[in-house]
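Chain and residue survey
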Amino acid sequence: MTQSADVSIGRVKGYHVHVYYDGATRASAEELRAAVAREFAVECGALRDGEAGPHPVPQFRIICKSEVFPKLVPWLMLNRQGLDILVHPLSEDSLADHTRHALWLGRPVALKLAALSGGYSAEQYPRAL
Ligand code: ZN
């Protein structure tokens, strides 16, 4: 079998889902966050109303183990309430994760890529739930 990917899937330590919102869609984001927290074994961060890292607009983050991805992402396709969502892997290359390895539901947000290099801090990876 040939391996054409430039990152082995075995090096992906989970995924982040970032759900973007604004003043008009904040309530939808809160509802979506509550539903995800109820339905899935994931870590849901607080709604961040300002900029955070590469994210130039308000968002909240879901930290997801690889085995939850095939349940969570199709659910988000059907239940995202019009919100724009970034799904990115957690490899050792955060810049690639947020660009060529990224998956978008809805419209992509212009990320602040200069904030990205190398890997992630420990708390950004999935914990044993
Ligand atoms: Zn992230």
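Source: prediction; values computed, not measured.

Side note on the packing of aromatic side chains
The tally for this structure, following the rule as stated, stands at 4 aromatic pairs. Seen from their ring centres, Tyr 15 and Phe 69 are 4.6 Å apart, and the 45° between their planes marks the pair as tilted. Taken together, the residues Tyr 15 in strand β1 (residues 15-20) and Phe 69 in helix α2 (residues 69-79) connect sequence positions 54 residues apart. Accessibility expressed as a relative area gives 25% for Phe 69, which makes it partly exposed. Consider the rings of Phe 40 and Trp 75, whose centres lie 5.5 Å apart with planes at 75°: the pair is edge-to-face.

Structural notes on the side chain of Asp 84
Tracing the backbone shows Asp 84 in the loop between α2 and β4 (85-89). Owing to a relative accessible area of 14%, Asp 84 belongs among the buried residues under this scheme. At a separation of 2.7 Å, a polar atom in the side chain of Asp 84 contacts the main-chain amide nitrogen of Arg 107. Once residues within four sequence positions are removed from consideration, Asp 84 is found in contact with His 18, Val 19, Tyr 20, Leu 105, Gly 106 and Arg 107.

Rules used in this analysis
- The residue numbers shown here count from 1 along each chain, following its written sequence.
- Local features in this predicted model are restricted to residues whose pLDDT is 70 or higher, and side-chain atom pairs enter the listing and the counts only when it is 80 or higher, whereas totals over whole chains, interfaces and linings include all residues.
- Derived side-chain values reflect all non-hydrogen atoms in the structure, with water molecules and hydrogen atoms excluded from consideration.
- Only centres within 6.5 Å qualify two rings of Phe, Tyr or Trp (six-membered ring in Trp) as a pair; their planes then separate them into stacked at under 30 degrees, edge-to-face at over 60, and tilted for everything else.
- Helix and strand definitions here come from DSSP, where helices need a minimum of 4 consecutive H or I residues and strands a minimum of 2 consecutive E residues; each element is numbered from the N-terminal end.
- Here the term buried applies to any residue with accessible area under 20% of the maximum for its type, exposed to any over 50%, and partly exposed to those in between, with areas from a 1.4 Å probe on protein chains only.
- We call two N or O atoms a polar contact when they sit within 3.5 Å, provided that within protein one can donate a hydrogen and the other can accept it, with sequence-adjacent residues counted only if both atoms are side-chain atoms.
- Every residue pair with non-hydrogen atoms within 4.5 Å of one another is taken to be in contact.

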